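Topology and contacts: notes
For reference, the chains in residue letters:
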Amino acid sequence: MITLSRDCGNMEGVLRCIAILSCFCLALSTKVPVLLWSSSRSFADLPQSNGGQTVVSSDFSNQYLKPLTTGNNGNLVVFVQDKLSLQDFTQHADVYNPESNGGVFKNVKGFMDELSSLSLPSVHLPGLAIDDIIKTFEGKVHHVKDQDASKIDFDSKLPNLVIVKLTSISDSPNEEEGFRKNDETIGRVVKQLAKRGVKYSALYTATSSKAAESNKVRTRRGLLSVGADNSGTFIEYANGTLYNSSCILLYVRSINIGNSTQLNDPKSFTMTNHSCVDNITASLAFTYTNNSKIIMTMSLIMTVSNVSGYWSINNTKVTWNGGNHPMKLKKVSAPWGFSYHCSSLEKLVAINSTDNFTMSLEGFQLQPFDVMDYKFSDGWDCVPFFSEVIWMGLIATLAFVLILLFGFSMLASVTTQDRFDDPKGKTITVNVNE
Amino acid sequence: MDYQPEKPSTKQMGVSLFPVYFITLMLGTLAILIIAFYYILTGKGTRIDFGWFLEQTSPYMWASFGVAITISFSVVGAAWGIFTTGASILGGGVKAPRIKTKNLISIIFCEAVAIYGIIMAIIIGQGISAFDAEKDTDQIVRDSYDAGFRMFAAGVTVGVSNVACGITVGIVGSGAALADAQNSTLFVKILILEIFASVIGLFGLIVGILQIVGVKMGTK
């Protein structure tokens, strides 16, 4: 047995390499690290993985799995869990401590350091390669039950393939505990194999580098009911009405029609039409009922301009008291990725200049595109930080201050004339008659 | 004799003013940098918008500034010139009283600069009138904004050129007074210089009038 200390050969180097290479890791969940170690075999014949390189499944099968599963010592123990990535190592393996023992990956680090080992930081879908080899394996395949390897019956003439399915990380209460448990399982199984004197190579990997999307109910928004077609509902939120869907968010504290009527009851809003099929147009229509009678309907159509990247409300129709009023809401506009916010959007008039209908929206926030996680993005406010009035005042003040400064500097430069002063001459005396 | 702004002197203040200016400048720069970087790094760089500023600020502000700059800068130039010339005439007149009457021409040239300023201020101010941004037609609103900017520009033109003119006439007049006190044949020749100096103020006035011609603010 030759222990080679290659660059990424020992565990500390592995962890350091992994910490550096994690920057190159693409965010795809199909690239998983693979750790190999063996008590009986050197890995000199297996090609080393280059930085940033992803080993393709076929290469992984041919160049790594096949040599490990052929020959007399071709026993391969495969430890598979559901999630493993470089980030897990940097997070839980105590990598920034030069004297670390591997954190939760204690046993794995021990094996990688002391035995001959090889690490492949990025392999494309190793789970598939392993499934393939299970199907085409010529020797005996053992699936370990209850993570106890003491009862496996090893065939001494043919290679054996032992699959140990580790507990799922995403189902564990927290990831660190999951990794620690799996690490203990690995340590236990390897000890059992060592005790039986089996010559083996071990492989530690996972089926994906990211946890599967959890279907847990979000307890924070217990009131939310999302329809099957992605449409949302109006709920009361923070003293106003919030329309909550996965692609359009609308919040309004009150809609004021004319000078008098205020529509602000969250329960009276009902959605009638909602569509956001692509990233270019979105539309929303809702009604306001009073005593089960519809008194106002409003429909908004929002589009994104492909020239400026700003979305804006293109078309607004309001019906009130039976009258149809297409409104001018062009000023509601924000760049892609921002929501539009206005504390008081007043004097909204109809497109038709003879129409006397006005309305105003109080506490208004709208985001029709690029909604992430049911939250409003940064708000693009209708009032800038320095409004134009403030700028005018600042300019006038600046002019005034500059003039004053100039004047004061002129004043300060007026000095008494000391040209004819003669300290050695006679002082002037003035007789003052009382 | 002449007003000469010196470096901030330690003799007067006891401590050099340089650190004060430096700290003020650095604080101002830091404030501007922080604001600018906040906007840029949060993706709101388009909110730093000079076009918005020019569009949204009222044309009345620009027009009023134009009037103010016209008259105030012209008066500053004239005053500077008069005080320069006047000090020389008074000083030279002690030993050569004959120069007093003749050299009043220099003072009159300086005064003319102030007159240019007030004429322009009145002409510009006459152009300011009311317009309604919501009810008036688009053409009138556009013309009103145009008028605001033009009045500001005319004011700056006339004001700054009159400052330069006034100072020039003043210094030349001061030299003329003292030369006249020495040798009375020199005065007429030097007067030609003063005429040239005075003409540049007239240039400013002419260009200012060209800028202001045809402005139409409001409906009147």
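Residues numbered from 1 in each chain as written. Chains lettered and ligands numbered in written order. Predicted model: local features only at pLDDT ≥ 70, side-chain atom pairs only at ≥ 80, totals over all residues. Heavy atoms only, no water.

**Details of the overall build of chain A**
Filter applied, for reference: Runs of E in the DSSP output that reach at least two residues are strands. Runs of H or I that reach at least four are helices, and both are numbered from the N terminus. Using a 1.4 Å probe on the protein chains alone, a residue whose accessible area is under 20% of its type maximum counts as buried, one over 50% counts as exposed, and one in between counts as partly exposed. Here, two residues are considered to be in contact whenever any of their heavy atoms come within 4.5 Å of each other.
The number of helices and strands found in chain A is seven helices and 20 strands. Taking all 434 residues of chain A together, 43% fall into the buried category. For chain A, the proportion of contacts with a sequence separation of at least 24, taken over those separated by at least 6, is 62%.

**Here we look at the pattern of salt bridges**
The condition is simple: Any carboxyl oxygen of Asp or Glu that lies within 4 Å of a side-chain nitrogen of Lys or Arg is treated as forming a salt bridge with it.
If you walk through the whole model with that rule in mind, you get eleven salt bridges over all chains. One salt bridge connects A:Asp45 with A:Arg41, and the closest N-O pair in it is separated by 3.2 Å. Its relative accessible area of 15% is what places A:Arg41 among the buried residues. Its salt-bridge partner being B:Asp146, residue B:Arg150 comes within 3.2 Å of it at the nearest N-O pair. In this pair, B:Arg150 and B:Asp146 are both assigned in helix H7 (residues 138–182), four residues apart and thus about one turn of the helix distant. Relative accessible area serves as the criterion here: at 32%, B:Asp146 is assigned to the partly exposed category.

**Remarks on the state of the cysteines**
Residue and element names in this part refer to chain A. Rule in force here: A pair of cysteine sulfur atoms is labelled a disulfide when the two atoms are within 2.5 Å.
For the structure shown, the criterion picks out two disulfides over all chains. A disulfide bridge connects Cys247 with Cys276, and the sulfur atoms are separated by 1.7 Å. With the S-S bond torsion at -40°, the cross-link from Cys247 to Cys276 turns out left-handed. Of the two residues, Cys247 is situated in the loop between strand S8 (240–244) and strand S9 (249–252) and Cys276 in the loop between strand S12 (269–275) and strand S13 (281–290); the sequence distance between them amounts to 29 residues. Disulfide partners in chain A, listed by the sequence order of the bonded cysteines, are 1-2, 3-4.

**As for the interface of chain A and chain B**
Stated formally: Accessible-area loss on putting two parts together, using a 1.4 Å probe and summing over both, is the definition of buried area adopted here. Counting of polar contacts relies on pairs of N or O atoms within 3.5 Å, with two restrictions inside protein: one atom must be capable of donating a hydrogen and the other of accepting it, and residues adjacent in sequence are counted only when both atoms are side-chain atoms.
The interface of chain A with chain B comprises 23 residues on the first partner and 16 residues on the second. When the buried surface of chain A facing chain B is broken down by residue, A:Trp380, A:Glu388 and A:Met392 rank first, second and third, together holding 28% of it. At the boundary of chain A with chain B, the tally comes to one salt bridge. Between B:Lys44 and A:Asp378 there is a salt bridge whose closest N-O contact spans 3.7 Å. Run the count over chain A and chain B and you get two residue pairs in polar contact (both at pLDDT 80 or more).

**Describing the nonpolar core**
All names here are of chain A. Let me state the cut-off plainly: Definition used in this section: a nonpolar core is a set of buried Ala, Val, Leu, Ile, Met, Phe, Trp, Tyr and Cys residues joined via side-chain atoms within 4.5 Å.
Counting residues in each nonpolar core, the largest one holds 41 residues, and the members touching the most others are Ile255, Met296, Trp311 and Met359. Of all the secondary structure elements, the ones that give two or more residues to this core are S9, strand S10 (254–257), S13, strand S14 (293–304), strand S15 (310–320), strand S18 (339–349) and strand S19 (358–367). Ranked by the residues each element gives to this core, the list is headed by S14, at five residues. Excluding residues within four positions of it along the chain, Met359 makes contact with Ile255, Asn256, Ile257, Gly258, Met298, Val318, Met327, Leu345, Glu346, Lys347 and Leu348. Core analysis: the next-biggest nonpolar cluster, separate from the first, contains 33 residues, Val32, Leu35, Trp37 and Val189 among them.

**Focus on the UniProt feature "transmembrane region" (unreviewed entry) in chain B**
All names here are of chain B. Spelled out, the test is: UniProt positions are given in the numbering used here, feature names are shortened, and annotations may be inferred rather than shown by experiment.
UniProt records the feature "transmembrane region" (unreviewed entry) for residues 20–40, 60–83, 104–131, 151–179 and 191–213 in the present numbering. Secondary structure within residues 151–179 divides into 100% helix and 0% strand; the distance between the first and last C-alpha atoms comes to 41 Å. Taken end to end, residues 191–213 is 96% helix and 0% strand, and its two terminal C-alpha atoms sit 33 Å from one another.

**Re the environment of A:Met372**
All names here are of chain A. In this fold, Met372 is placed in the loop between S19 and strand S20 (379–381). The exposed category is assigned to Met372, whose relative accessible area is 54%. Here the alpha-carbon distance between Met372 and Ile248, two residues 124 residues apart in the chain, equals 10.0 Å.

**A look at the packing of aromatic side chains**
Under the convention used in this document: Ring geometry is summarised as follows: Phe, Tyr and Trp rings, the Trp one being its six-membered ring, pair when their centres sit within 6.5 Å, and such pairs are stacked at plane angles under 30 degrees, edge-to-face over 60 and tilted between the two. In this scheme, Lys NZ or Arg CZ marks a charge over a ring once it lies within 6 Å of the ring centre and within 35 degrees of the ring normal.
Scanning the entire structure with this criterion turns up 25 aromatic pairs over all chains. Here B:Phe131 and B:Tyr145 contribute two aromatic rings whose centre-to-centre distance is 6.1 Å and whose plane-to-plane angle is 70°, an arrangement assigned as edge-to-face. Here B:Phe131, found in the loop between helix H6 (104–127) and H7, pairs with B:Tyr145, found in helix H7; they are 14 residues apart in sequence, far enough to count as distant. On the basis of relative accessibility, which here comes to 23%, the residue B:Tyr145 falls in the partly exposed class. Within the aromatic cluster, the residues linked to one another by ring pairs are A:Phe385, A:Phe386, A:Trp391, B:Phe53, B:Trp62, B:Phe149 and B:Phe152. Taking the ring centre of A:Trp380 as reference, the NZ or CZ of B:Arg47 above it sits at 4.6 Å.

**Observations regarding helix H5 (residues 126–136) of chain A**
Residues and elements named next belong to chain A. Note the following rule: Working note: the arc is built from the helix axis to C-beta atom directions.
Residues of H5 that are buried include every one of Pro126, Gly127, Ala129, Ile130 and Ile133, and no others. Take H5 and look down its axis: the buried residues cluster within an arc of 160°, on one side only. Of the residues in H5, the exposed ones pointing more than 90 degrees away from the buried face are Lys135 and Thr136. At its buried positions, H5 is contacted by strand S1 (31–38), helix H2 (57–68), strand S2 (76–83), strand S3 (116–124), strand S5 (160–165) and strand S6 (201–208).

**Things to note about unusual backbone geometry**
Residues and elements named next belong to chain A. Notably, Leu125 is not glycine yet its phi reads approximately 50°, a positive angle. Look at Leu125 and you get partly exposed, because its relative accessible area is 23%. A positive phi angle is found at Asn321, which is not glycine, with a value near 55°. As for its placement among the helices and strands, Asn321 is situated in the loop between S15 and strand S16 (323–327). When its relative accessible area of 70% is taken as the criterion, Asn321 is described as exposed.

**Regarding the packing of helix H4 (residues 106–114) of chain A against helix H6 (residues 175–195) of chain A**
All names here are of chain A. Put simply, the rule is: Fitted lines through C-alpha atoms give the axes, limited to the stretch in contact for helices. The angle between two N-to-C directions lies from 0 to 180 degrees. Roughly parallel means an angle under 35 degrees; roughly antiparallel, over 145; roughly perpendicular, 65 to 115; everything else is oblique. Note that Gly is not counted as nonpolar here; it falls among the polar residues with everything else outside the nonpolar set of Ala, Val, Leu, Ile, Met, Phe, Trp, Tyr, Cys and Pro and the charged set of Asp, Glu, Lys and Arg.
Taken N-terminus to C-terminus, the directions of H4 and H6 make an angle of 50°; their axes are 7 Å apart at the nearest point. The pairing of H4 with H6 is recorded here as oblique in orientation. Along its contact with H4, which presents Lys106, Asn107, Val108 and Phe111, the element H6 presents Asp183, Glu184, Ile186, Gly187 and Val190. The residue makeup of the contact of H4 with H6, split by class, is four nonpolar, two polar and three charged.

**Structural notes on the sheet that holds S5(A)**
Residue and element names in this part refer to chain A. The test is simple: We treat two strands as partners when DSSP finds at least two bridges between them.
An order of S3-S1-S6-S2-S5-S4 is seen for the six strands of this open sheet, with the pairing classed as mixed. The outermost strands of the open sheet, each flanked by one partner alone, are S3 and strand S4 (140–143). When strand polarity is set aside, the average angle formed by the axes of neighbouring strands in this sheet is 20°. Where S2 lies against S5, five bridges are found, and the strand directions are parallel. Opposite Phe79, over in S5, you have Val164 as the bridge partner. Contacts between H5 and the sheet are confined to S1, S2, S3, S4, S5 and S6, with S6 contributing the most and set at about 125° to the helix.

**Let's talk about the pairing of S19(A)**
All names here are of chain A. For S19, the tally of buried residues reaches eight of ten residues, placing the bulk of the element in the interior. Bridging between S9 and S19 involves three bridges; their strand directions are antiparallel. Its bridge partner being in S19, Tyr251 is matched across the sheet by Gln365. The pairing of S10 with S19 spans four bridges and is antiparallel. Its bridge partner lying in S19, Asn256 is registered against Ser360. Pairing of S18 with S19 involves seven bridges; the strand directions are antiparallel.

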